[in-house]
Amino acid sequence: MSNKSMNNQTVNSKAKAHMQGEHAAAIAELGWFGAHKYLLLRRAVQFGLLGLFALGPLLGIWLFKGNLSASLLLDTIPFADPLVSLQMLISGHIPELSLLIGAALIILFYALAGGRVFCSWVCPVNLVTDAASWLRRKLNLPRSSELPRNLRYYLLALVLLLPLLTGNLIWEWINPVPLVYRAVLFGSLSGVWILAAIFLLDLFITERAWCGHLCPTGALFGLIGKWSPIKIVASKASACDNCMDCFSVCPERQVLKPALKGQNPVITSPDCTQCGRCIDVCAQRVFRYQTRFTATQAQLSTGDSTDCQSPSTTSPIRQHIAPKAENDQ
């Protein structure tokens, strides 16, 4: 079989895969598990962490006491939400030393791992927003106008201003993150309406409205992890065929274009949640986890360009979808 025939067969098989269903090309290339491995791992971490907290109330095994706002591991190691600690300090209340130590430990971890790793790997509200995003794609709902992405930073400023004006942690009354834990661990359903509102907002009003545009907790963690050494890297950007599968699942799709078409393959934006879905769904295996330093050094050593394929080598699939790619970016 000639190379031309083999190339045409590959293109036809990819086109058929794209028409068969969501991310079918990645499933055909990598297998179902390979196209969902990071999604499954994230769910395991989210439910596993919730399970560790649940062991105490349900079985009397207190590995973790508390919730994501403040907790104690093995009655020894404290952990605390930095946003809660900041609110307490601003309100004029001096937190206990254990709370400050717990906040410092969390800040150090997410400064290294990437702040918004919390959003995709730990936060239970991510289950709600991911479900809304999945349903939007299944129902083929039209893309809606997006809210300004810097709105979450204004809300973060408001959350920190309220304790200064009132002396109270106003945000913690309605913060959906601990609401999920209280609902699951203690059967408190008083705040479930907030979770329902987030789901409906993401489903019918604005795609990824909560996590992508509004959540002040995500805004703070984004700032904490801005210079994290661990990043997602488009290490094979030249292999990109503009299938747009990564854009369809990315909760912060605006972070992809600079890495795919710019001079730096590292996704450096603090908006990236490092969820790994772009790695999962890419049949071309463009993305991978890497450190920003090794990625930059490798680029300098090889002199590889991170731009997508030149027009002369563009496949029929890419020619068909390139206008869509430009519009969606």
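Numbering of residues begins from 1 in every chain and follows the order in which that chain's sequence is written. Since the coordinates come from a predicted model, pLDDT governs what is reported: local features require at least 70, and pairs of side-chain atoms require 80 or more to be given and counted, while whole-chain, interface and lining totals use all residues. Side-chain measures here rest on the full set of heavy atoms in the structure, leaving out hydrogens and waters.

- The chain carries the name Quinol dehydrogenase membrane component in an unreviewed UniProt entry, which gives Shewanella decolorationis S12 as its organism.

1. Looking at the overall build of the chain
Item 1. Secondary structure summary: the chain contains 18 helices and 5 strands in total.
Item 2. Residues counted as buried form 47% of the 329 residues belonging to the chain.
Item 3. The contact criterion used throughout is that any non-hydrogen atoms of two residues lie within 4.5 Å. Restricting to contacts in the chain with at least 6 residues of sequence separation, those with at least 24 account for 74%.
Item 4. Surface accessibility follows the Shrake-Rupley procedure with a 1.4 Å probe radius. Residue values consider only the protein chains on display as shielding. Just so you have it, the chain exposes about 16,400 Å², and 66% of that area is on carbon and sulfur atoms. Only DSSP runs of H or I covering at least 4 residues are called helices, and only runs of E covering at least 2 are called strands; the numbering of each starts at the N terminus. Exposure classes here rest on a 1.4 Å probe applied to the protein chains alone. A residue is buried below 20% of its type maximum, exposed above 50%, and partly exposed in between.

2. Let's talk about the pairing of strand 3 (residues 77-80)
Looking along a regular strand, one sees the side chains alternate between the two faces of the sheet.
Item 1. What you see with strand 3 is a clean split: Pro78 and Ala80 sit on the buried side and Ile77 and Phe79 on the side with no burial.
Item 2. Strands are treated as partners if at least two bridges between them are detected by DSSP. Hairpin connection from strand 2 (residues 70-73) to strand 3: 3 residues lie between these consecutive antiparallel strands, with Leu74 at a positive phi of about 55°.

3. Things to note about the pattern of salt bridges
Item 1. We define a salt bridge as a contact between a side-chain nitrogen of Lys or Arg and a carboxyl oxygen of Asp or Glu at a distance within 4 Å. The tally for this structure, following the rule as stated, stands at 10 salt bridges.
Item 2. Its salt-bridge partner being Arg208, residue Asp130 comes within 2.7 Å of it at the nearest N-O pair. Here Arg208 lies in the loop between helix 11 (192-205) and helix 12 (209-214) and Asp130 lies in helix 7 (residues 125-139), a separation of 78 residues in the sequence. Here Asp130 and Arg208 have matching classes, each one buried.
Item 3. Note that Asp271 and Arg152 form a salt bridge whose closest N and O atoms lie 2.8 Å from each other. Of this pair, Asp271 sits in the loop between helix 15 (256-261) and helix 16 (277-281) while Arg152 sits in helix 8 (residues 151-166); the two residues are 119 residues apart in sequence, bridging distant segments of the chain.

4. Concerning unusual backbone geometry
Item 1. A positive phi angle, near 55°, is found at Leu74, a position not held by glycine.
Item 2. With respect to the helices, strands and loops of the structure, Leu74 is situated in the loop between strand 2 and strand 3.
Item 3. Its relative accessible area of 53% is what places Leu74 among the exposed residues.
Item 4. The phi torsion at Gln274 lies on the positive side, around 50°, for a residue other than glycine.
Item 5. Using a relative accessible area of 6% as the deciding quantity, one classes Gln274 as buried.

5. Concerning the confidence of the model for the chain
Item 1. With 83% of its residues at a pLDDT of at least 70, the chain reaches an overall mean of 82.
Item 2. On a scale of 0 to 100, pLDDT captures the predictor's confidence in every residue. The model gives residues 1-19 a pLDDT under 50, and that stretch makes 13 contacts with residues more than four places away or in other chains.

6. Some remarks on a nonpolar patch on the surface
Item 1. Each patch groups residues whose relative accessible area exceeds 30% and which form no salt bridge, using 9 Å between like charges and 5 Å between nonpolar side chains of Val, Leu, Ile, Met, Phe, Trp and Tyr. A grouping of Ile77, Leu86, Leu89, Ile94, Leu97, Leu100, Ile101 and Leu105 is seen on the molecular surface, where their side chains present a nonpolar patch of about 690 Å² in accessible area.
Item 2. For the nonpolar patch, the elements supplying multiple residues, two or more each, are helix 4 (82-90) and helix 5 (97-113).
Item 3. Here the nonpolar patch gets 4 residues from one element, more than from any other, and that element is helix 5.
Item 4. When you line up the elements, Leu105 lands in helix 5.
Item 5. The partly exposed category is assigned to Leu105, whose relative accessible area is 33%.

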